[in-house]
Amino acid sequence: MSPPAGPVPINLNLPSTRSLVETIVVVKMAASVTGLSVFWLKSFIFCIYIGTIGCSTVAILDDSQLNRQFDGIGGISGGGATSKLLVNYPPTQKAEILDYLFKPNFAASLHILKVEIGGDSQSTDGTEASHMHNSWDENYRRGYEWWLMVEAKKRNPDIKLYGLPWAFPGWLAAAGSRSPYSRPSVTASYIVKWVQGAKRVYDLTIDYIGIWNERAFDKTYVEVLRQALNAAGFSHVQLVVADGNFGEVTADCLKDPKFNQSTQIIGVHYPGTLSTPDAQKTGKPLWSSEDYSTFNDNVGAGCWARILNQNYVNGLMTSTISWNLIASYYESLPYKRDGLMTADQPWSGHYDINNPIWVTAHTTQFVQIGWRYLLHGQGVDHLKLGGSYVTLVDPKKESVTIVIEKMSHDHSKCIRPALPAYKTAAENVTFTLKGSLVKVKQLNVWMSKLCYSGENCTEKVFAKLSPIVPQNGTFSLYIDVDTIFTLTTLNVGRKGSYGTPPPSHPFPLPYKDTFEGYDLYTEPNNFAPQIGSFEIAMSDVEHGKVVKQTVLQRAIDWCGGNQLYPIAIGGFSKWADVYLQADIQVGVVNGTKEVFIAARVQNGGGCSAYAAKGLFFWIAPDLRQWHLTTDLAHTKFLKVGSLQTVRGQWDTVALRIKGNVAFGVVNGVEAFTMTLPATVPQNGFVAFGASTFGLAYYDNLYVDAAPV
């Protein structure tokens, strides 16, 4: 029997004069429309008529029959560049943060780490570097997802690893095409090489691979990729199709045997806890392979608590993965603080352990991949007065864990989809144990009570309470609104802590970087690429290591818009009076056309990065000129001047803004002093970049407050 859909908005047109008998007739009609069981709707209406008296839940827990396998709870690093600022945290704080995310029985204790397979293109909060910028280029020292996967495995060798591309390098597509599916065998080989590189270079076993984040899948490509993985010795790698919605994936699995065999898991994003009858008919694991994406205050924690349970109760989804893992990107970029925790100040070492971490722990510390859910109505169900519970047992039925949530509507809204209205009330729940569960002598209890502004409430987060001792296989539990409980026979569980992190403080000035202390191919600290890819490279004897913009052609973008102008931003989005200096160079071979430094950059992140505004100071060797624009797209010119420079020459440029006056210098010579028009923003990031894809170089970066 399909599970009930839970609290949903149902207009039963019930005036106060309608009799209970008349109501039941209306209920039966509603049941035929909504698909809910008549029993559930009758109970719902009964409680409306008589109030909460007699409406408390009586729950039967019986492990005589088991349902689907639990596949784990995870977090996503990527989609994109969401872990960028974590990389250069001080070693002590970096290790602590990683423990909060991955260490078993400590905090979030995640079962799955999903990472972006970098594609050299903007994918939400920045770009992530591809392991193959070009067809002749293969490099596994780029990017930080390798490092993150290694660190996760150090802490939990059993953690599962999942790779998914958001974008692809442009060279993968056939001439004249913008599709990664135009040459399916080439794209499949590109993905297989990423899996091979993970194993060969880092000894990482990849467990799952996705197709293309939230974009249409291609049946031929899925089948070719499955064959290519098998041929390379990776038959264990399961394909998650298609990181979008149930739609065509389900239909194609049911009608196409070859595609069905190539697809191991159906993954959807933001399903609102609901799956479809056809999806369930496939018999495949159903995953919410991206979910949550909500500000990580207590409402976000409530969202996470509700969907972790109800994705299974309502939709039989056996894995839920949070976008994102950790909010480790500049707060002014899109979806600020949408991670399970926040770490966006590497210069101070400050981080925040937000409550979604402890909501996660209610499941992850007490259930492991491979455990099994009990049947609906026998351990999995809704509570009569709002909320839900799930019960899981280990494969040998030696341990049992029950997770209960009663989150109110307004305190558990996720960013998407819209949450239908429902009501919640506190209640006593009576549990009766059957099957082998009657042998349970004691249940350890962990509880979280979330509080909100304006409430008279005492918050408890992941607190261990006195154990419950069932009497003749029965026990009762009072469950308040906005509360989460874990009841378990396991003698594990820990609210890990490293004490108070270092205090927060602003981005430090002056700031300088010669880039000599980096490993080759890594990215410069604190500067987040938004279009293009910027990595450390060797230059001449004088400059040594420098930053190089490496992308030569437009990627197969995930974002829309004109993702054509390489840019990396950094610093503080509220900087107003600032001095910025750098050495910049246009490449001789495969070079870009122009390079720039910029200040007061706004709208420079996310999928609209191409529309960035600010003051951009350009050097154009082919034109023998410098010029100023107020936009990255290079259309709104303020001033132009001549300059004796050529490709391959290093030019030292400086830009100072004080109030509404700007001052520029090239190679020690003043280029301009001018009063800025109102079209230049009043504050913003500093940045560097180029006018087109192609090689460009940057060195000796210096940023300070503008001198008086």
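To be clear, the structure that these remarks concern was listed above.
Just so it is clear, the model here is predicted, and its values are computed rather than measured.

### What to know about the nonpolar core
Formed by 174 residues in total, the largest nonpolar core has its most connected members in Phe102, Leu113, Ile209 and Leu225. With eight residues, helix H10 (residues 298–315) is the largest single contributor of residues to this core. Membership of the second largest hydrophobic core comes to 23 residues, among which are Val393, Ile404, Val445 and Ile479.

### Let's talk about the sheet that holds strand E26 (residues 567–570)
An order of E23-E26-E35-E28-E29-E30-E31 is seen for the seven strands of this open sheet, with the pairing classed as antiparallel. Single-partner strands in this sheet number two, and they are strand E23 (527–531) and strand E31 (637–642). Pairs of neighbouring strands in the sheet enclose a mean axial angle of 20 degrees, with direction left out of account. Relative to E31, strand E30 (residues 625–631) is paired through five bridges, and the arrangement is antiparallel. Residue Gln625 lies in a different strand from E31, and its bridge partner there is Ser642.

### Some thoughts on the sheet that holds strand E5 (residues 160–165)
With parallel pairing, eight strands are arranged side by side around a closed barrel as E3-E4-E5-E6-E7-E8-E9-E10. Across this sheet, the average inter-strand angle for adjacent strands is 25 degrees, counted without regard to direction. Here strand E8 (residues 265–269) runs beside strand E9 (residues 286–292); their pairing, made up of four bridges, is parallel. Considered in E9, the bridge of Gly267 is made with Trp287. H10 contacts strand E3 (72–77), E9 and strand E10 (317–323) of the sheet and is inclined by roughly 155 degrees relative to E10.

### Here we look at the packing of helix H3 (residues 91–102) against helix H4 (residues 145–155)
In contact at an axis separation of 10 Å, H3 and H4 are set at 65 degrees when each is read in the N-to-C sense. In terms of orientation, H3 lies roughly perpendicular with respect to H4. Between H3 and H4 the crossing geometry is right-handed. Together, Lys94, Ala95, Leu98, Asp99 and Phe102 of H3 and Trp147, Leu148, Glu151, Ala152 and Arg155 of H4 make up the contact between the two elements.

### Overview of the state of the cysteines
Here the structure, examined in full by the defined rule, presents three disulfides. Between the sulfur of Cys559 and that of Cys607 lies a disulfide, 1.9 Å long from S to S. Disulfide Cys559-Cys607: torsion about the S-S bond near -55 degrees, hence left-handed. Remark: Cys607 occurs in the loop between strand E28 (595–602) and strand E29 (613–620) and Cys559 occurs in the loop between strand E25 (545–549) and E26; sequence separation between them is 48 residues. For Cys607, a relative accessible area of 30% puts it in the partly exposed group.

### Observations concerning helix H7 (residues 247–255)
Among all positions in H7, only Val249, Thr250, Asp252 and Cys253 are buried. Summarising the contacts, the buried residues of H7 are in contact with helix H6 (219–231), strand E7 (238–244), helix H8 (257–262), E8 and helix H9 (277–281).

### Topic: the side chain of Glu96
Looking at where Glu96 falls in the secondary structure, it is placed in helix H3. It is Arg155 that comes nearest to the buried, bridge-free Glu96 among opposite-charge side chains, at 10 Å. Setting aside its immediate chain neighbours within four residues, Glu96 contacts Tyr351 and Tyr498.

### Topic: H6
With 13 residues, H6 ought to run about 18 Å at 1.5 Å a step, and its terminal C-alpha atoms sit 18 Å apart, in line with that. The set of residues buried in H6 consists of Tyr221, Val222, Glu223, Leu225, Arg226 and Leu229. For H6, the elements touching its buried residues are helix H5 (184–202), strand E6 (208–210), E7 and H8. For H6, the capping residue at the N-terminal end is Asp218, with a side-chain oxygen 3.2 Å from the backbone nitrogen of Thr220. Just downstream of H6, Gly233 is the residue with a positive phi angle, here 90 degrees.

Conventions used here
- Residues numbered from 1 in each chain as written.
- Predicted model: local features only at pLDDT ≥ 70, side-chain atom pairs only at ≥ 80, totals over all residues.
- Heavy atoms only, no water.
- Core = buried A, V, L, I, M, F, W, Y, C linked by side-chain atoms within 4.5 Å.
- Buried < 20%, exposed > 50% of the residue type's maximum accessible area, 1.4 Å probe, protein only.
- Helix = DSSP H or I, 4+ residues; strand = E, 2+ residues; numbered from the N terminus.
- Pairing = 2+ DSSP bridges.
- Axes fitted to C-alpha atoms, helices over the stretch in contact; angles between N-to-C directions.
- Contact = heavy atoms within 4.5 Å.
- Parallel < 35°, antiparallel > 145°, perpendicular 65-115°, else oblique.
- Left-handed = near helix turned anticlockwise from the far one by under 90°.
- Disulfide = S-S within 2.5 Å.
- Lys, Arg positive; Asp, Glu negative; His and termini not counted.
- Salt bridge = Lys/Arg side-chain N within 4 Å of Asp/Glu carboxyl O.
- Expected span 1.5 Å × (residues − 1).
- Polar contact = N/O pair within 3.5 Å; in protein donor to acceptor, adjacent residues only side chain to side chain.

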